[in-house]
Amino acid sequence: MRLGVGFLPFLRFRTSTTKPAMQSFMYPSNSHHPISRARREYQWLKWATVLALALGCATPLSINLVDPDLWGHLRYGQDWLEEGVLPRTTSHTFTAVDYPWINHENLAELTLALGYKYLGTHGLLIAKCLWGMSILLVMVWVARRHQVHLLAVWAVLLLVAVNLQAFFPLRPQLLSFGLFALTLLMLDRAFCQWNVSQKINWRWLVALPGVFAIWVNAHGGFVLGLCLTGAFLAGRIVDLLRVQRGQSLPQVLSLTVLGSCCILATLGNPYGLDMHRWLVSSLSQSRPEITEWAAPKLADPIFWPWIALLAVTVISFWQTRLRRDWVQITILLIVAWQSALHLRHIAFLALLCGFWLPPHMQSALAKLEPKSGTQLPVMTLSPWLRRFAVIALALAIGLQSLALHRRLSDLPVLRDHYPVDALQYMADHNLNGKLVVCFNWAQYAIAALAPETQVAFDGRFRTCYPQEVIDMHFDFLLGDAEGKRSRSSKSGAINRTLVLEYGSPDLVLLDLRQDLAVEVMQAEASKPHPNWVRLYQDSLAEVWGRSERYDDPVLQEYVPPQSRITRTLPAVWSVLWPALPERKGDSQLANRSLNHSVLASQDDARQKYRYVLRPNKKE
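Residues numbered from 1 in each chain as written. Predicted model: local features only at pLDDT ≥ 70, side-chain atom pairs only at ≥ 80, totals over all residues. Heavy atoms only, no water.

So, the sheet that holds strand β8 (residues 541–546)
Heads up, the rule is: At least two bridges found by DSSP between two strands is the condition for calling them paired. A run of H or I in DSSP counts as a helix once it spans at least four residues, and a run of E counts as a strand once it spans at least two, with each numbered from the N terminus. What makes two residues a contact is simply this: any of their non-hydrogen atoms within 4.5 Å. Axis lines are fitted through C-alpha atoms, for helices just across the contact stretch, and the angle between N-to-C directions can take any value from 0 to 180 degrees.
Read across the sheet, six strands follow the order β5-β4-β6-β8-β7-β9 without closing on themselves; strand pairing throughout is mixed. This sheet does not close on itself; its edge strands, each paired only once, are β5 (454–455) and β9 (565–566). Summarising the sheet, strand β7 (residues 532–537) and β9 pair through two bridges and their orientation is parallel. The partner of Gln537 across the bridge, within β9, is Thr566. Contacts from helix α17 (residues 420–428) reach β4 (434–437), β6 (507–511), β7, β8 and β9 within the one sheet, and its direction differs from that of β7 by about 115°.

Details of a nonpolar patch on the surface
Note the cut-off: Distance thresholds for patches are 9 Å for like charges and 5 Å for nonpolar side chains (Val, Leu, Ile, Met, Phe, Trp, Tyr), applied to residues having over 30% relative accessible area and no salt bridge. Working definition of accessibility: Shrake-Rupley area with a 1.4 Å probe, residue cover restricted to the visible protein chains. Definition used for salt bridges: Asp or Glu carboxyl oxygen within 4 Å of a side-chain nitrogen of Lys or Arg.
A cluster of nonpolar side chains, contributed by Leu81, Leu114, Tyr118 and Leu119, occupies part of the molecular surface with about 400 Å² of accessible area. The dominant element in the nonpolar patch, judged by the number of residues it contributes, is helix α4 (residues 106–145), at three residues. You can see Tyr118 is positioned in helix α4.

Re the packing of aromatic side chains
Filter applied, for reference: Between rings of Phe, Tyr and Trp, where Trp is taken as its six-membered ring, a pair exists when centres lie within 6.5 Å; planes separated by under 30 degrees are stacked, by over 60 edge-to-face, and by other angles tilted. Burial classification: accessible surface area is computed with a 1.4 Å probe over protein chains only, and a residue below 20% of its type maximum counts as buried, one above 50% as exposed, and the rest as partly exposed.
Counted under the stated rule, the structure contains 24 aromatic pairs. Plain terms: the ring middles of Phe457 and Phe461 are 6.0 Å apart, the flat faces sit at 55° to each other, and that makes the pair tilted. Residue Phe457 is classed as buried on the basis of its relative accessible area of 1%. On the numbers, 6.2 Å between centres and 65° between planes, the contact of Phe461 with Phe474 is edge-to-face. With Phe461 in the loop between β5 and α19 (467–478) and Phe474 in helix α19, this residue pair connects regions lying 13 residues apart in the sequence. According to the relative accessible area criterion, Phe461 is buried, its value standing at 8%.

What about the side chain of Gln467?
One can find Gln467 in helix α19. Given the relative accessible area of 13%, Gln467 is considered buried. Not counting the four nearest positions on each side in its chain, Gln467 is found in contact with Gln285, Arg462, Ser486, Ser488 and Ser491.

Quick notes on the packing of helix α5 (residues 150–164) against helix α14 (residues 346–356)
Cut-off, in case you're wondering: Should an angle lie under 35 degrees it is considered roughly parallel, over 145 roughly antiparallel, and from 65 to 115 roughly perpendicular; all remaining angles are considered oblique. In this scheme the handedness of a crossing depends on how the near helix is turned from the far one: anticlockwise by less than a right angle means left-handed, clockwise means right-handed. Gly is placed with the polar residues, together with every amino acid not listed as nonpolar (Ala, Val, Leu, Ile, Met, Phe, Trp, Tyr, Cys and Pro) or charged (Asp, Glu, Lys and Arg).
For the pair α5 and α14, the least separation of the axes is 9 Å and the interaxial angle reads 165°. The pairing of α5 with α14 is recorded here as roughly antiparallel in orientation. Here α5 and α14 pass one another in a crossing that is left-handed. Where α5 abuts α14, its residues Val156, Leu157, Val160, Asn163 and Leu164 lie against Ile346, Ala347, Ala350, Leu351, Cys353 and Gly354. Residues belonging to the contact of α5 with α14 are distributed by class as follows: nine nonpolar, two polar and no charged.

Brief notes about the confidence of the model for the protein chain
Let me state the cut-off plainly: Within a predicted model, pLDDT stands for the predictor's per-residue confidence, ranging from 0 to 100.
Summary statistics for the protein chain give a mean pLDDT of 86 and a share of 85% for residues scoring 70 or more. Low pLDDT, under 50, characterises residues 1–28; the predicted model gives this stretch 59 contacts beyond four residues in sequence or across chains. Predicted confidence for residues 587–619 stays below pLDDT 50, and this span has 91 contacts to residues more than four positions away or in other chains.

Points about the nonpolar core
Rules: Take the buried residues of types Ala, Val, Leu, Ile, Met, Phe, Trp, Tyr and Cys, join any two whose side-chain atoms come within 4.5 Å, and each joined set is a nonpolar core.
Counting residues in hydrophobic clusters, the biggest one holds 171 residues, and the most contacted among them are Trp154, Phe191 and Phe476. Among the elements that line this core, the one with the most residues is α4, at twelve residues. Not counting chain neighbours up to four residues away, the residues in contact with Phe191 comprise Ile200, Leu205, Phe232, Leu233, Arg236 and Leu255.

Some words on unusual backbone geometry
Here the amide bond leading from Ala450 into Pro451 is cis, since omega sits at 5°, within 30 degrees of zero. Mapped onto the elements of the fold, Pro451 is located in the loop between α18 (439–449) and β5. A cis amide bond links Trp577 to the next residue, Pro578, at an omega of 10°. As for its placement among the helices and strands, Pro578 is situated in the loop between β10 (574–576) and β11 (580–581). The backbone phi angle of Asn430 is positive, close to 50°, even though this residue is not glycine. Here Asn430 lies in the loop between α17 and β4. What makes Asn430 partly exposed here is its relative accessible area of 46%. Residue Ala579 is not a glycine yet carries a positive backbone phi of 55°. Considering the arrangement of structural elements, one finds Ala579 in the loop between β10 and β11.

Considerations on the pattern of salt bridges
Pairs can form between side chains of opposite charge whenever their charged atoms are close. Going through the model one piece at a time under the given rule, you end up with 22 salt bridges. Its salt-bridge partner being Arg236, residue Asp325 comes within 2.5 Å of it at the nearest N-O pair. In this pair, Asp325 is assigned in the loop between α12 (303–319) and α13 (326–341) and Arg236 in helix α9 (residues 222–243), connecting sequence segments 89 residues apart. For the pair shown, Asp325 and Arg236 are each scored as buried. One salt-bridge network, held together by shared partners, links Asp67, Arg171, Glu292 and Arg344.

Some details on the pairing of β7
Counting buried positions along β7 gives five out of six residues, so the element sits mostly inside the fold. Examined bridge by bridge, β7 and β8 share five bridges and lie antiparallel to one another. Across the sheet, the residue bridging to Arg534 is Trp544, located in β8. Counting the residues that bridge the hairpin from β7 to β8 gives three residues.

Right, dumping it as structure tokens:
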């Protein structure tokens, strides 16, 4: 069997002649003829390749790493469901009591809470993967409408999925990704005939304001969606004025009204204009302390997939034979620039490429085909080689399916990454009160120890904490961070111990990877009359208590020296999410204190912790 390699990625059949008289010979009706059998094998090869690519896309989207804010998102959603009222001020904290809370993720947190209640962890993981695949299938549908070959589409989407992987744990951003894709779909279908007749299919645009009415309550990414929509509509208005001039005024007015309606729709949130005021204030301040707002670095796992996506996009638009849309190119350049400044924008660049890149990549690849009238370069695939390819693809599909099944089966909480054992110690010894904890662990601590424990600061960041509270927290963790801090002038000079005094905290849960914070606590402990005493230590975390409360034998809260645990062996294995500590009264296992050595096995670890998000109220 001879296969053309001019368009090799699509394994298109070639023959050395196309004369009609030869068709009956080249494609005989006899199903047992070698040519007919080869065509059947080709079809198997084609669809097996599509399935392998689709599974290859599903695997990154099924990532089962625990996002540090997941505990908080579910807790806040559960609070709303239990109380029946949307909280308007900061909850679960002692440093920002009654401070206004502008929560731009209400709908996402409610969705996560309901999903966990009715689907459980396993169901949420499956739903997340299906959500991601539905976004890719929309891209496939749009690309096919643009006459893009199926294999070309999935090849592009594999690169898109790999770039989305780091941003696809269970988190509110998932709703932004879906609504961003829906917006791109509506814009594509509304202007699909633009290059031919400049006609607008208004049926696809009338619901666009409704999308933003939902989006503003789901996630702050609606701001980027508004910028995209505004830039796209403005570009089309420029095209109309340039080509049709005065005759285009009705359409120009209609597009202007549409854009204004999208903006007005974002007022449909519980906070009204306060949401927008807060966004302007928050987005005008840098976030050097937050990793996702930093620029991509060579050591980041996402760096090389991002570079590959940029390279494929540049080459495709450079070599394409199709008409280049200046509006698309402008938007891609702006988002690519933002992705070079902020990691979190890489996901939106990938989504844009999923919709706009496939036609141009296929056109660029078409240049590899030989010109008409020239001898076609061919390759011969013998029957055994074709069958070997089918078997290899079948094996790849099987291995990918197994990996996908394992990812969707559980959500492991790594004990060398999260303070599972430290929180269990705190629960065993009733260590409750006002807790200073690094913001990456704070929402885990809220889910594990609230309402008896309140935290000084958590991952909700500026949505519910004044900048002065944020500054004192990062003063403790980072110091001046070599000048890479964004502090308020009201916070004064850097004070690395202020967080240990403000609000009179009772406990400190310390991440030993935060070297500067470790230095502060060691300095506190070395004082002649220390205010803090270490109650627990393992290879990851330390628990410190205020001396006047936990080091006084007269008080009920006193923790005797024999109950203070120090172990240096690294924590191994993981526990199933949510990995909350066993509370006293839950079972007889609650009375068993942690050993000084690492738990022996995964089964032992799973018996030690409960797998429900919240303890029963009766407890």
